[in-house]
Amino acid sequence: MGSETEISPADARKAPGKEQQAAGVGILLQIMMLVLSFVLGHVLRRKKVYIIPEASASLLIGLIVGILANISDTETSIRAWFNFHEEFFFLFLLPPIIFQSGFSLAPKPFFSNFGAIVTFALFGTFLASIVTGILVYLGGLLFLMYRLPLVECLMFGALISATDTVTVVSIFQELGIDVNLYALVFGESVLNDAMAISLYRTMSSVKADPSGQNLLMVVVRFLETFVGSMSAGVGVGFISALLFKYAGLDIDNLQNLESCLFVLFPYFSYMLAEGLGLSGIVSILFTGIVMKHYTYSNLSQSSQRFVSAFFELISSLAETFVFIYMGFDIAMEQHSWSHVGFIFFSIIFIGIARAANVFSCAYLVNLVRPAHQKIPLKHQKAIWYSGLRGAMAFALALQSIHDLPEGHGQTIFTATTAIVVLTVLLIGGSTGTMLEALDVAGEDSHNDSPLASVGTITNFEGNNRYIAPPYNEESSSGNKIKMKLKEFHKSAASFTALDKNYLTPFFTSQNGDEDDEAEPFTSTRSGFHGQNHYSS
């Protein structure tokens, strides 16, 4: 992204020393901003200041430093220090964030709400991206905003549909909300990233090679990308589980080797998918889910503690740096601010698309649930409000600069950056007020812990308000759609039984119930941004 300073031949001898000095000062500045972000985030949490979330604080720090650099005489040097490459972003910053998202999912609450989460994350994200793309295209036709071709509008709809609830979820933790709402918001965000990047890559391939493309080919290409990437990630996860089960690395003081191998498997999954022309992000996400559910229990206790702390650490650092960089980038990079209408109407269209996503999916989910287990309207509103944009939307917008010609990618990047900033600052800052207004905060406040609404795995089913219900064969209606939804939900329950009776005994060295019962659903704060970890 950033432009490199040119060095004349006359300065060739001095160049290495000057470059090393500039790099040292640049790294020092980044470390100072990271330290300031962590300290400020800690203070905000201690003081229970929800109007400035931790992610917002990181973004503002980067913005302030960028503005100071922009008005000073050292702008060129600062740009050289922050010479940010997309390869670094995609290969080193995003993978640990995405892996930790999958690794932090607790199996039981996730799979108990699996049908609803999949509905929101897959069908809902697809619906939101299509609605956004079509509305943006129609807005261009009506001269309400900058006009883009339909395929590019759909690319924008795909990338901007990637939600990042790290700010909202951290506040959910502090205020103590219903366990199911927590699981839905976090689970949707995790799978939503995989869906969004698959949709974006599919639309990008259509843009690059429009000849001979039809709807069927687009669907096939999407399934090839998503299912292929998911299969690669799940396969690597299963292989790692079998390796650690039978290699005997948890004995004979081999914990160091055990931890090293565990840390390498996620990147193996990522690079395998990229090498096959698939999505490394999707692959590493499902590797994280599988490795946590199966591989993790095959580790020794010391290795379990180490890998949990290690991935929390690098994920927290990566997330913080991403928000700092986004703030810095707003002040330093060139943006197409001439298309303010594009930004304004995009925000409106995104809100409409998010509503279409949440309320239609909630309606479908509620069709197959008894009256006392339906998703309440106030929870639906909370899910709609929590759909702010973050690192994934920013990363895909960064990629669109090279994927789209004639400055269209720059327009999309500027709009996405503005939307990310507005949603993080406004939505993130007003989440606490929103939860109180909807009477969602502290719904289970009768428990002792501030996170007790999340409860423990052992009493998860008891605290559950709208847990995935068991189905009776006799509860049939004439509605074919309803019956299909019930069959899908029933298949999710069947998978849970399959996992408990066959997969867990085969891939792990202990019964799956032991882990579920011993593993608390209350989580430690994942570093700076409070990304939730149901794991111990």
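As a reminder, the structure under discussion sits directly above these lines.
None of the values given here were measured: they were computed from a predicted structure.

Enquirer: Please explain the nonpolar core as it appears in this structure.
Expert: When a protein is soluble and globular, its nonpolar side chains tend to lie buried together. Core analysis: the biggest nonpolar cluster contains 122 residues, and F120 and L191 have the highest contact counts within it. Examining the composition of this core, we find that 15 residues originate from one element, helix α9 (residues 179–208), more than from any other. Dropping the residues within four chain positions of it, L191 is found in contact with F110, I117, V118, A121, L285, F286 and I289. By size, the runner-up hydrophobic cluster in this structure holds five residues, among which are V290, Y294, L503 and F507.

Enquirer: What am I meant to see in the packing of aromatic side chains here?
Expert: Ring pairs (aromatic) are described by centroid distance and by the angle formed between their planes. Overall, the coordinates contain 23 aromatic pairs when judged by the stated rule. Ring geometry for F222 versus F226: centroids 5.9 Å apart, planes at 20°, classification stacked. With F222 and F226 both in helix α10 (residues 215–246) and four residues apart, this pair spans about one turn of that helix. Neither residue differs from the other here; F222 and F226 are each classed as buried.

Enquirer: Sorry, what's going on with the environment of G280 here?
Expert: Relative to the helices and strands, G280 resides in helix α12 (residues 280–295). Sequence separation of G280 and Y270 is 10 residues, and the distance between their C-alpha atoms is 4.2 Å.

Enquirer: I keep staring at the pattern of salt bridges and nothing clicks. Help me out?
Expert: A pair can form between side chains of opposite charge whenever their charged atoms are brought close. This model, assessed by the stated rule, comprises four salt bridges. Between R354 and E188 there is a salt bridge, and its shortest N-O distance comes to 2.8 Å. One end of the pair, R354, is in helix α14 (residues 340–367); the other, E188, is in helix α9, and 166 residues separate them in sequence. Side by side, R354 and E188 carry an identical accessibility label, which is buried. As a salt-bridge pair, E274 and R201 come within 3.4 Å of each other at their nearest N and O atoms. Here the residue E274 occupies a position in helix α11 (residues 255–275), and R201 occupies one in helix α9, the gap between them amounting to 73 residues. On the accessibility criterion, E274 (28% relative accessible area) is partly exposed. On the accessibility criterion, R201 (30% relative accessible area) is partly exposed.

Enquirer: Sorry if this is basic, but what is going on with the environment of G66 here?
Expert: Secondary-structure assignment places G66 in helix α2 (residues 54–71). For G66, a relative accessible area of 0% puts it in the buried group. Spatially, the C-alpha atoms of G66 and A331 are 5.0 Å apart, while their sequence positions differ by 265 residues. For G66, the contacting residues outside a window of four places in its chain are F328, A331 and M332.

Enquirer: Sorry, what's going on with a nonpolar patch on the surface here?
Expert: Residues I51, I52, L60, I64, I67, L68 and I71 make up a contiguous nonpolar surface patch of roughly 670 Å² in combined accessible area. Residue position: L60 is located in helix α2.

Enquirer: For this particular structure, what's the right way to read the packing of α14 against helix α17 (residues 408–437)?
Expert: What describes two packed helices is the angle between their axes and the distance between those same axes. Where α14 meets α17, the closest approach of the two axes is 10 Å, and the angle between their N-to-C directions is 60°. In terms of orientation, α14 and α17 fall into the oblique class. Both α14 and α17 take part in a crossing whose hand is right-handed. Residues F342, I343, S346, I347 and I350 of α14 form the contact with α17, whose own contacting residues are T411, T414, A415, A418, I419 and L422. Split into classes, the residues belonging to the contact of α14 with α17 amount to eight nonpolar, three polar and no charged.

Enquirer: What is the right way to read α2 from this model?
Expert: In an α-helix, one turn spans 3.6 residues; hence positions three or four apart end up facing the same way. In a regular helix each residue adds 1.5 Å, so 18 residues correspond to 26 Å; α2 covers 26 Å between its end C-alpha atoms and thus fits that length. Of the residues making up α2, those classed as buried are E54, A55, S56, A57, S58, L59, I61, G62, V65, G66 and A69.

Each value, and the rule that gives it
- Residues numbered from 1 in each chain as written.
- Predicted model: local features only at pLDDT ≥ 70, side-chain atom pairs only at ≥ 80, totals over all residues.
- Heavy atoms only, no water.
- Core = buried A, V, L, I, M, F, W, Y, C linked by side-chain atoms within 4.5 Å.
- Buried < 20%, exposed > 50% of the residue type's maximum accessible area, 1.4 Å probe, protein only.
- Helix = DSSP H or I, 4+ residues; strand = E, 2+ residues; numbered from the N terminus.
- Contact = heavy atoms within 4.5 Å.
- Phe/Tyr/Trp six-rings, centres within 6.5 Å; stacked < 30°, edge-to-face > 60°.
- Salt bridge = Lys/Arg side-chain N within 4 Å of Asp/Glu carboxyl O.
- Patch = residues over 30% accessible without salt bridge, like charges linked within 9 Å, V, L, I, M, F, W, Y side chains within 5 Å.
- Areas by Shrake-Rupley, 256 points an atom, 1.4 Å probe, with all protein chains shown as cover.
- Axes fitted to C-alpha atoms, helices over the stretch in contact; angles between N-to-C directions.
- Parallel < 35°, antiparallel > 145°, perpendicular 65-115°, else oblique.
- Left-handed = near helix turned anticlockwise from the far one by under 90°.
- Nonpolar A, V, L, I, M, F, W, Y, C, P; charged D, E, K, R; others polar.
- Expected span 1.5 Å × (residues − 1).

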